[in-house]
Amino acid sequence: EIQENTILVILGASGDLAKKKLFPALFGLERRCLLPTDFKIVGFAPDEMTHDNFLSIIRSPINLESPRFAEQLEQFCQRCSYVSGHEGGEKSFRALRRRLEQLGTGKKEQNRLFYMALPPSIFTGMQEGLRKHCYSERGASRIIIEKPFGHDLESSRELQRALDPNWREDEIFRVDHYLGKEVVNNLLVLRFGNEIFGAIWNARHIDNIEISITESGGAEGRGSYFNGVGAIRDVMQNHLTQILALLTMERPRSFSAEDLCAEKARVLDWMLPIEYVNTIIGQYEKSEDGEKPAFKDEEDVPNDSRCATFCAAVGHIENERWAGIPFLLKAGKALNESLTEIKIHFKPSTNAAIFTTDPLASNTMTIRVQPSEGVFLSINTFVPSLTTQKTSAMDLDLTYHGREIPEAYEVLLLDALKGDKARSVRGDELDASWKIWTPLLHFLDDENAEVRPREYAYGSNGPEGLGEFIASYQNRKSKAS
Ligand code: BG6
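A quick note: this is a predicted structure, and the numbers were derived from the prediction, not measured.

A. Structural context of the UniProt feature "domain: Glucose-6-phosphate dehydrogenase NAD-binding" (unreviewed entry) in the protein chain. Mapped onto this numbering, the UniProt entry gives "domain: Glucose-6-phosphate dehydrogenase NAD-binding" (unreviewed entry) at residues 9-186. Between the end C-alpha atoms of residues 9-186 there is a gap of 30 Å, over a span that is 49% helix and 17% strand.

Below you can see the structure in the form of structure tokens.
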């Protein structure tokens, strides 16, 4: 339940995240009648803007996507107002406080949520100002933050130290939008609600696991941001590591935030830091036909950039369940397709020898996060025939058949509005995931090491040697025998 008298303040309300994701997602909740009547949204940004200008920022992307819902859009706009923080500092925070007080006139309680859709450079000062001037004296206050949570273990802890005096852990929501994706969420029921999978979810039966987040687009217009970040910080330390944690954690006592986050943190603690020798680092060049630009052609990307726009890395989790099996983790921009997928490769059948006509394929479970969400399990079957006993691998197919799948930001905003932290990243999980990636990141960043990423063409499937690299970690047993 969303508490009565809740106000959501979006800081950075004129920015990309707010325009493209937050307002459309909030409107999605409106359209599904999930917002209480007295729920209000206040936009806050440095720009001088009239109320109408602000509403047109909200309306335009929504109108494009959902032109059928004009009436609900008007109702949604009535919840929204804008406060300009152009003066900066205390004055702006006081203006925001006045608006919040105005909206709370005559009410006993007021719950305030602050969504920090802001660049990291101003984050620390803003959260302090909010705590000092806008914290709710009569009701709950929560702060919602997005990555980057620092750029390595130490800076992430520093950020946490800046938050500590101002916000309790239960008041902090760390958003990883991959946790709002349906199929990522579904890992919980797939694993813990199905005995047939639960029983084989371990190194005895699984040979290796691949998790990939590939994107066909390049850095396109975000060159300067991406050059300072790279694929590892952009999606692997957070989105991909969260998927890995849900896929490998032990069964939590319950699906409460406390139990879930504890199990995720625990399994990440068992993971060894990724070593450079177990990686392939790449950066994209122009496409084969020369039409698509190289990463270095992006504005504000220097010619000698060593930024990794691609990374394939092999990790190990040294606990009883997973010891010995490789986790093949891959992410990159400007590749041949946009696909987020988990592939669980099971060990070959021990009975394979009785099938004399064909070599048997190993079973693979493919969990496709996007696009076309679904779960597929390849199993060996006889090809129907009167004369032969050929086998072939066919897919058991669990797709969503046109069901409407909620947007990740709708899921996570609703959680934050309700105060449910089960899909928020806890401080200890964050720490554990930085421990996995920080040594590699420091090695790559080190000026003296001069590690150069391997080149790959825009639109290809990655740097040369990738296929052999991945194959060298797969089906080790069957190759040996
Ligand atoms: C963001 C990254 O966190 O995730 C982007 O900063 C990336 O670079 C995006 O493109 C991918 O998200 P999605 O939901 O489009 O898969």
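B. Here's a closer look at the site of the ligand. Lining the immediate surroundings of the ligand are K147, H177, Y178, K181, E215, R222, Y225, D234, H239, K333 and Q370. The side chain of H177 places a nitrogen or oxygen atom 2.8 Å from an oxygen atom of the ligand. At 2.7 Å, a side-chain N or O of Q370 approaches an oxygen atom of the ligand. Top element by residues in the shell around the ligand is helix α9 (residues 223-248). It accounts for three residues. Of the residues that constitute the shell around the ligand, the class distribution is two nonpolar, three polar and six charged.

C. Structural detail: the pattern of salt bridges. The tally for this structure, following the rule as stated, stands at 26 salt bridges. Between R168 and D170 there is a salt bridge, with the nearest N and O atoms lying 2.9 Å from each other. Among the residues examined, D170 registers a relative accessible area of 43% and is labelled partly exposed. Of the charged contacts in the structure, one is a salt bridge between E169 and R174, with a shortest N-O distance of 3.0 Å. The structure contains a network of salt bridges with shared partners spanning R31, R32, E404 and E410.

D. Region of interest: the pairing of strand β12 (residues 364-370). Within β12, five of the seven residues are buried, which leaves the element mostly enclosed by the surrounding structure. One ladder, built from six bridges, connects strand β11 (residues 339-346) with β12; its direction is antiparallel. By the bridge assignment for β12, K343 is matched with T366. Across five bridges, the pairing between β12 and strand β13 (residues 374-382) is antiparallel. Paired with M365 across the two strands is L377, which belongs to β13.

E. A look at the packing of aromatic side chains. Tallied over the entire structure, the rule returns 14 aromatic pairs. An aromatic cluster is defined as three or more aromatic residues linked by ring pairs; in this entry it consists of F226, Y284, F295, F310, Y456 and Y458. The ring of Y135 carries R131 above its face, with NZ or CZ at 3.6 Å from the centroid. Across the ring face of Y178, the terminal group of K181 is positioned such that the distance to the ring centre comes to 4.5 Å.

F. Region of interest: the sheet that holds strand β2 (residues 40-45). A sheet is described by the order of its strands in space; here six strands give the open sequence β3-β2-β1-β4-β5-β6, paired in parallel fashion. Each edge of the open sheet is held by one strand with a lone partner, namely β3 (80-84) and β6 (172-175). Between one strand and the next, the sheet's axes are offset by a mean angle of 20°, whatever the strand orientation. Sheet strands in contact with helix α3 (residues 70-79) are β2 and β3, and its direction is about 40° off that of β3. Taken strand by strand, helix α4 (residues 89-103) contacts β1 (6-11), β2, β3 and β4 (111-116), and its axis lies near 170° from that of β2.

Calculation notes
Residues numbered from 1 in each chain as written. Predicted model: local features only at pLDDT ≥ 70, side-chain atom pairs only at ≥ 80, totals over all residues. Heavy atoms only, no water. UniProt positions renumbered as here; feature names shortened; annotations may be inferred. Helix = DSSP H or I, 4+ residues; strand = E, 2+ residues; numbered from the N terminus. Near = heavy atom within 4 Å. Polar contact = N/O pair within 3.5 Å; in protein donor to acceptor, adjacent residues only side chain to side chain. Nonpolar A, V, L, I, M, F, W, Y, C, P; charged D, E, K, R; others polar. Salt bridge = Lys/Arg side-chain N within 4 Å of Asp/Glu carboxyl O. Buried < 20%, exposed > 50% of the residue type's maximum accessible area, 1.4 Å probe, protein only. Pairing = 2+ DSSP bridges. Phe/Tyr/Trp six-rings, centres within 6.5 Å; stacked < 30°, edge-to-face > 60°. Lys NZ or Arg CZ within 6 Å of the ring centre and 35° of its normal. Axes fitted to C-alpha atoms, helices over the stretch in contact; angles between N-to-C directions. Contact = heavy atoms within 4.5 Å.

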